[in-house]
Amino acid sequence: MSNPIAPLAVNTRMHRAALPLLFLLLGVIYASWVSRIPALRDHLQLDPASLSLFLLGGGIGAVSSFPLAAWLIGHYGARRACWYAGLALLLTIPCLALAPSLPLLMLAMLCLGVCSSCFNVAINALGAEAEKIAGRSIMSQLHAWFCVGTLSGALLGSAIAGMEIRPLLHFGLVALCALIPLRLCYRALPNDRPQYIAGKKHFALPHGPLIALGVVAFGGAIVEGSVADWSGVYMKDRLFASDGVAPLAFALFAGMMLLTRMVGDKLKEAFGARRVVAGGALIAGLGMLIALIASQIPLAIAGFALTGVGVATIFPFIFSAAGRHGPTALAGVTTMGYTGGLIGPPIIGFLAHGFGLPAALSLVGLLCLAVALAAGRARWLE
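Computed from a predicted model, the values in this text were never measured in an experiment.

Regarding helix α5 (residues 139-162)
Here is step 1 of the chain: Across its 24 residues, α5 extends 34 Å between first and last C-alpha, which sits within 8% of the 34 Å expected from 1.5 Å per residue.
Here is step 2 of the chain: Trailing α5 by a residue or two, Glu-164 shows a phi angle of about 60°, which is positive.

Rendered as structure tokens:
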């Protein structure tokens, strides 16, 4: 005799797991291509300036995509926007490895920036709504799952690079393996399709107190994006780490972000979001200093790990604060954040081309101080 309660229990568990799993998938996908930046660079023999142009493609795609992301959520709901953007993202990843020239690589990166940003805004909109329903802070825990994904993706990328497996096979397997859980999550989430309202404004740049949130997101994203995109190159070129060891800097960075985000909500309740973000930015600056003065690989990795501790709470608390004011505010603040996260690293590359990568990354450390000052003035963080 069948048990009708069993399918219901399975559906309930999948409903609870869907949102954390979406954050995890985004982290895996992001870390997968980031961990192979040195291989993509070597394949096309790119200098720092050319590599910066490649990363700039992602920045342009991400920044230009936020009106599209807000429109998708406004017309179809965050659930369906997540599904559409996720499918496009999985189709785009292998294109990075297929590009035979820098212009086509930039085009692939532009598409990746559009898809990943739309997916990111959609799942954060879902997270902000879930936080309202829960009546407590849960965004840091959700972003901790993103860190689980980035840590897993970075470690997997390190192992695959060490086995000398080509990026195309790597990216193709990641896309195929992510498709099934993406579909399961889509089916498990409740249908949130909104009623279309003619003339409704779905996107606007931050204004008023939201500007302070956007500035903190902008600076924090530059720090996080610069470590993600340049730590492997720094380890390989400056400290002569192997292809298998170089991604470990980002892996430990992501791992410490994970551990910090697991306790981030409790820190927020105990000390307040502004103090946690400002103090974390100072810790991130110290971590960058250690990484840049280190002459040994383990110490440099430890410095990048400490930077991960410092920046861990910036995005969860920023998205939580902006999400309380609706998807339009969330998309606007996210626009400023990803402007820094995906345009900042190419600027680091151009500076590295002229002054060297250590000098360029030292500016990231100084930016941490600016983030700390801005966070102290962002009263809407509370």
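Here the narrative resumes.
Let's talk about the layout of surface pockets
Here is step 1 of the chain: In this structure, the second largest pocket spans a volume of roughly 350 Å³.
Here is step 2 of the chain: If you list the elements that add at least two residues to the lining of the second largest pocket, you get α2 (37-44) and α6 (167-188).
Here is step 3 of the chain: Looking at which element gives the most residues to the lining of the second largest pocket, the answer is α2, with 5 residues.
Here is step 4 of the chain: Its residues assigned to classes, the lining of the second largest pocket comprises 10 nonpolar, 2 polar and 4 charged.

Details of empty space enclosed by the protein
Here is step 1 of the chain: One pass over the full model with this rule turns up 5 cavities of 30 Å³ or more.
Here is step 2 of the chain: Estimates place the volume of the largest cavity at around 410 Å³.
Here is step 3 of the chain: Along the wall of the largest cavity there are 27 residues; nearest its centre are Tyr-30, Asn-120, Phe-146, Glu-224 and Tyr-338.
Here is step 4 of the chain: Breaking the lining of the largest cavity down by element, the ones donating at least two residues are α1 (5-34), α3 (48-98), α4 (102-134), α5, α7 (210-238), α12 (314-323) and α13 (327-355).
Here is step 5 of the chain: Tallying contributions element by element places α4 first for the lining of the largest cavity, with 8 residues.

A closer look at the confidence of the model for the protein chain
Here is step 1 of the chain: For the protein chain, mean pLDDT is 83; residues scoring 70 or higher make up 90% of the total.
Here is step 2 of the chain: Confidence, read as mean pLDDT per element, is least for α13 in the protein chain (76) and greatest for helix α11 (residues 297-311) (94).
Here is step 3 of the chain: Per-residue pLDDT stays below 50 along residues 4-10; that stretch engages in 0 contacts with residues further than four places along the chain or on separate chains.
Here is step 4 of the chain: Per-residue pLDDT stays below 50 along residues 195-199; that stretch engages in 1 contact with residues further than four places along the chain or on separate chains.

Side note on the packing of α3 against α7
Here is step 1 of the chain: The interhelical angle for the contact between α3 and α7, taken along N-to-C directions, is 155°, at an axis separation of 12 Å. Relative to α7, the element α3 lies roughly antiparallel. Helix-helix and strand crossings are classified by hand; for α3 and α7 the assignment is right-handed. Along the contact surface, α3 presents Pro-48, Leu-51, Ser-52 and Leu-55, while α7 presents Asp-229, Trp-230 and Val-233.
Here is step 2 of the chain: In terms of residue class, the contact of α3 with α7 is made up of 5 nonpolar, 1 polar and 1 charged.

Notes on the pattern of salt bridges
Here is step 1 of the chain: Counted according to the given criterion, the structure contains 3 salt bridges.
Here is step 2 of the chain: Between Asp-237 and Arg-41 there is a salt bridge; the shortest N-O distance is 3.0 Å. Note that Asp-237 is positioned in helix α7 and Arg-41 in helix α2, a separation of 196 residues in sequence.
Here is step 3 of the chain: By relative accessible area, which is 11% here, Arg-41 ends up buried.
Here is step 4 of the chain: Ionic contacts of the salt-bridge type, sharing partners, join the residues Arg-41, Asp-42, Lys-236 and Asp-237 into one network.

Regarding unusual backbone geometry
Here is step 1 of the chain: Positive phi, normally seen in glycine, also occurs at Glu-164, with a value near 60°.
Here is step 2 of the chain: Note on Glu-164: relative accessible area 71%, which makes it exposed.
Here is step 3 of the chain: The backbone phi angle of Phe-240 is positive, close to 60°, even though this residue is not glycine.
Here is step 4 of the chain: Along the chain, Phe-240 turns up in the loop between α7 and α8 (248-262).
Here is step 5 of the chain: With a relative accessible area of 69%, Phe-240 lands in the exposed category.

Cut-offs and rules
- Residues numbered from 1 in each chain as written.
- Predicted model: local features only at pLDDT ≥ 70, side-chain atom pairs only at ≥ 80, totals over all residues.
- Heavy atoms only, no water.
- Helix = DSSP H or I, 4+ residues; strand = E, 2+ residues; numbered from the N terminus.
- Expected span 1.5 Å × (residues − 1).
- 1 Å grid on protein atoms, 1.4 Å probe; cavity = no way out; pocket = protein on both sides within 12 Å on 5 of 7 lines; lining within 4 Å.
- Points joined across faces, edges and corners; volume = space filled by probe spheres on them.
- Nonpolar A, V, L, I, M, F, W, Y, C, P; charged D, E, K, R; others polar.
- pLDDT = per-residue confidence, 0-100.
- Contact = heavy atoms within 4.5 Å.
- Axes fitted to C-alpha atoms, helices over the stretch in contact; angles between N-to-C directions.
- Parallel < 35°, antiparallel > 145°, perpendicular 65-115°, else oblique.
- Left-handed = near helix turned anticlockwise from the far one by under 90°.
- Salt bridge = Lys/Arg side-chain N within 4 Å of Asp/Glu carboxyl O.
- Buried < 20%, exposed > 50% of the residue type's maximum accessible area, 1.4 Å probe, protein only.

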